[in-house]
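Analysis of the macromolecular model
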Amino acid sequence: MPAKHRELLRFVLVGGASFVITMTITYGLKFTVLTDKPVTALIIGVLVATVFSYVANREWSFRTRGGRERAHEAALFFLLSGIALSGIALGLNALPQLVSRYVFELEQPQVSLLTQEVADFVSGVLVGTLLGTAFRWWSFKKWVFPEAGARPRLLRGGGREISGIPDDPAA
């Protein structure tokens, strides 16, 4: 599989795992300690998943990309993922649920509990996650991990691979 598609597939898998983390934490909080604060529960779930996402993307999805010192890279990753906790990525993730709850009033007592929960899931988890993921994919490749082949990948036999091409013919 070409390196470009391998990165995207790995990014999507990390995103899927982050999605599960987001859902688990969001609904765990929403049905226990934050029953009256569903948007806060979602934001906490997204933040925890973002920490996981940084580590997994750096070490797996974009493991051969780089071009920045690790502290600078991490700062950019979290800045672009959350933009000071209320910016583009996090806002894109929470915006659909805010609209669903507070513009369309898809919350109790205006609608049934089932309708409210389905609307929260579709707007906050599905649509919000898709919007946030599209922004993150673009921004991470543009700013956080800008240089392909900046960190060589070790191959079996001691060779190195940069940008999908082994530099050791024996590898």
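Computed from a predicted model, the values in this text were never measured in an experiment.

Quick notes on the UniProt feature "transmembrane region" (unreviewed entry) in the protein chain
Mapped onto this numbering, the UniProt entry gives "transmembrane region" (unreviewed entry) at residues 7-27, 39-56, 76-98 and 118-138. In this annotation, residues 7-27 is assigned 100% helix and 0% strand; the end-to-end C-alpha distance for the span is 30 Å. Secondary structure across residues 118-138 comprises 100% helix and 0% strand; the distance between its end C-alpha atoms is 29 Å.

Overview of the side chain of glutamate 7
Among the secondary structure elements, glutamate 7 is positioned in helix α1 (residues 3-30). Under the relative-accessibility criterion, glutamate 7 is labelled buried at 9%. Only 3.2 Å separates the side chain of glutamate 7 from the side chain of lysine 141, close enough to count as a polar contact. In contact with glutamate 7, other than residues within four places in its own chain, are Ser61, Phe62, Thr64, Arg65, Trp137 and Lys141.

Rules used throughout
- Residues numbered from 1 in each chain as written.
- Predicted model: local features only at pLDDT ≥ 70, side-chain atom pairs only at ≥ 80, totals over all residues.
- Heavy atoms only, no water.
- UniProt positions renumbered as here; feature names shortened; annotations may be inferred.
- Helix = DSSP H or I, 4+ residues; strand = E, 2+ residues; numbered from the N terminus.
- Buried < 20%, exposed > 50% of the residue type's maximum accessible area, 1.4 Å probe, protein only.
- Polar contact = N/O pair within 3.5 Å; in protein donor to acceptor, adjacent residues only side chain to side chain.
- Contact = heavy atoms within 4.5 Å.

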